[in-house]
Amino acid sequence: ETGVTQSPTHLIKTRGQQVTLRCSSQSGHNTVSWYQQALGQGPQFIFQYYREEENGRGNFPPRFSGLQFPNYSSELNVNALELDDSALYLCASSLFQLGTEAFFGQGTRLTVV
Amino acid sequence: AQKVTQAQTEISVVEKEDVTLDCVYETRDTTYYLFWYKQPPSGELVFLIRRNSFDEQNEISGRYSWNFQKSTSSFNFTITASQVVDSAVYFCALRCNDMRFGAGTRLTVKP
């Protein structure tokens, strides 16, 4: 039990719609990272939040945005959904220090039709 | 640039065999961390081990062992006497600022 919870677990959206995914981080963790994992691939880093600000970003377009709240929970928003956005979205919480391990939630499976 | 390569896409072994999962990484940073995660069918990534760039000591934890060699930029993972429950996808990851994952190796252990 890592303590990282994500909601919803599954979601089906239509191309062009917007979606919000949620993540509650593990108690005591101040950093949240989001990853996109397409079928058969490794997780791809989307962005990281620390103290409610974006602290690093991978190679994803601006229609991928996020928020971190004072309680360190987080949201991932994706606008103008495309078919290729279909994937497992993973949230990870950790401490900000470089060497700490990240603990992952069970993910949200997003299907865009 | 950071990059992690797991050249083995799939490995299949029979129970009780030993198996080694390879991981090669690239980074220009001198301080970095390497990780292995296990992803069972449920989807959640399970942390297995962390190693920092200044500690090349190998580690053993039960049936699991890790071999970190800076000279070859490798961080290989060995499972001794594999079991069916070891079947999963295993990811190697490199963290300099953010964490970058390899493509994963799907391990199937047959009874």
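See above for the structure.
All figures in this text were calculated on a predicted structure; none of them were measured in a lab.

To continue, consider the pattern of salt bridges. Tallied over the full model, the rule gives 9 salt bridges over all chains. The partner of E54(A) in a salt bridge is R57(A), and the shortest N-O contact between them spans 3.1 Å. With a closest N to O distance of 2.4 Å, R100(B) and D98(B) form a salt bridge. A single network of salt bridges, built from pairs that share partners, joins R63(A), E82(A) and D85(A).

Note that the residue after S7(A), namely P8(A), is joined by a cis bond; omega there is -10°. For A80(A), which is not a glycine, the phi torsion comes out positive at approximately 50°. Assignment of secondary structure puts A80(A) in the loop between β8 (74-78) and β9 (87-94). On the basis of relative accessibility, which here comes to 42%, the residue A80(A) falls in the partly exposed class. In this structure, K16(B) takes a positive phi of about 85° despite not being glycine.

Our next topic: the sheet that holds strand β7 (residues 64-68) of chain A. All names here are of chain A. The strand order across the open sheet built from 4 strands is β1-β3-β8-β7, with neighbouring strands paired in antiparallel fashion. Edge positions in the open sheet fall to β1 (5-7) and β7, since each of these has one partner strand only. Within this sheet the neighbouring strands show an average axis-to-axis angle of 20°, counted without direction. In this sheet, strand β3 (residues 19-24) lies alongside β1 in antiparallel orientation, the contact comprising 3 bridges.

All names here are of chain A. Within the structure shown, the criterion is met by 1 cavity of 30 Å³ or more. Those elements giving two or more residues to the lining of the largest cavity turn out to be β4 (31-37) and β5 (44-50). Split into classes, the residues belonging to the lining of the largest cavity amount to 4 nonpolar, 3 polar and 2 charged.

In this section: the packing of aromatic side chains. By convention here, two paired aromatic rings are described through the distance between centres and the angle between planes. For the coordinates displayed, the defined rule picks out 21 aromatic pairs over all chains. Seen in terms of ring centroids, Y25(B) and Y32(B) are 5.2 Å apart; in terms of plane orientation they differ by 55°. Their pairing is tilted. When sorted by exposure, Y25(B) lands in the same class as Y32(B), which is buried. Clustering of aromatic rings is evident, with ring pairs tying together Y35(A), F45(A), F103(A), F104(A), F35(B), Y37(B), F47(B), F91(B) and F101(B).

Let us now look at the interface of chain A and chain B. Taken together, the 24 residues of chain A in the interface contact 21 residues of chain B. When chain A packs against chain B, the two sides together hide about 1,800 Å² of surface, and 53% of this comes from carbon and sulfur. Connecting chain A to chain B are 1 salt bridge. Those elements that provide at least two residues to the side of chain A that touches chain B are β4, β5 and β9 of chain A. It is β9(A) that contributes the most residues to the side of chain A that touches chain B, 3 residues altogether. In the side of chain A that touches chain B, the residues fall into 10 nonpolar, 13 polar and 1 charged.

This part is about the nonpolar core. In this structure, W36(B), W66(B), F75(B), F77(B), Y90(B) and L107(B) are the most contacted members of the largest nonpolar core, which totals 25 residues. Within the residue set of this core, elements represented by two or more residues are β2 (10-14), β3 (19-21), β5 (33-39), β6 (46-52), β8 (64-69), β9 (74-79), β10 (88-95) and β12 (105-110) of chain B. Looking at this core, the element that brings in the most residues is β10(B), giving 4 residues. Within the second largest apolar cluster, 19 residues are counted, among which are F47(A), F60(A), F64(A) and L110(A).

All names here are of chain A. Positionally, N59 belongs in the loop between β6 (53-57) and β7. In this structure N59 comes out as exposed when scored by relative accessible area, which is 78%. Distance in space between the C-alpha atoms of N59 and F47 is 8.9 Å, their sequence separation being 12 residues.

Attention shifts here to the state of the cysteines. Per the counting criterion, the structure on display carries 2 disulfides over all chains. Linked covalently through their sulfurs, C23(A) and C91(A) form a disulfide whose S-S length is 1.8 Å. Measuring the twist about the S-S bond at about -60°, one finds the C23(A)-C91(A) disulfide to be left-handed. Separated by 68 residues along the polypeptide, C23(A) in strand β3 and C91(A) in strand β9 bring together distant segments of the chain. For the pair shown, C23(A) and C91(A) are each scored as buried. The cysteine C96(B) is free of any disulfide, with C92(B) supplying the nearest cysteine sulfur at 12 Å.

So, how was this worked out
- Residues numbered from 1 in each chain as written.
- Chains lettered and ligands numbered in written order.
- Predicted model: local features only at pLDDT ≥ 70, side-chain atom pairs only at ≥ 80, totals over all residues.
- Heavy atoms only, no water.
- Salt bridge = Lys/Arg side-chain N within 4 Å of Asp/Glu carboxyl O.
- Helix = DSSP H or I, 4+ residues; strand = E, 2+ residues; numbered from the N terminus.
- Buried < 20%, exposed > 50% of the residue type's maximum accessible area, 1.4 Å probe, protein only.
- Pairing = 2+ DSSP bridges.
- Axes fitted to C-alpha atoms, helices over the stretch in contact; angles between N-to-C directions.
- 1 Å grid on protein atoms, 1.4 Å probe; cavity = no way out; pocket = protein on both sides within 12 Å on 5 of 7 lines; lining within 4 Å.
- Points joined across faces, edges and corners; volume = space filled by probe spheres on them.
- Nonpolar A, V, L, I, M, F, W, Y, C, P; charged D, E, K, R; others polar.
- Phe/Tyr/Trp six-rings, centres within 6.5 Å; stacked < 30°, edge-to-face > 60°.
- Contact = heavy atoms within 4.5 Å.
- Buried area = accessible area lost by both parts, 1.4 Å probe.
- Core = buried A, V, L, I, M, F, W, Y, C linked by side-chain atoms within 4.5 Å.
- Disulfide = S-S within 2.5 Å.

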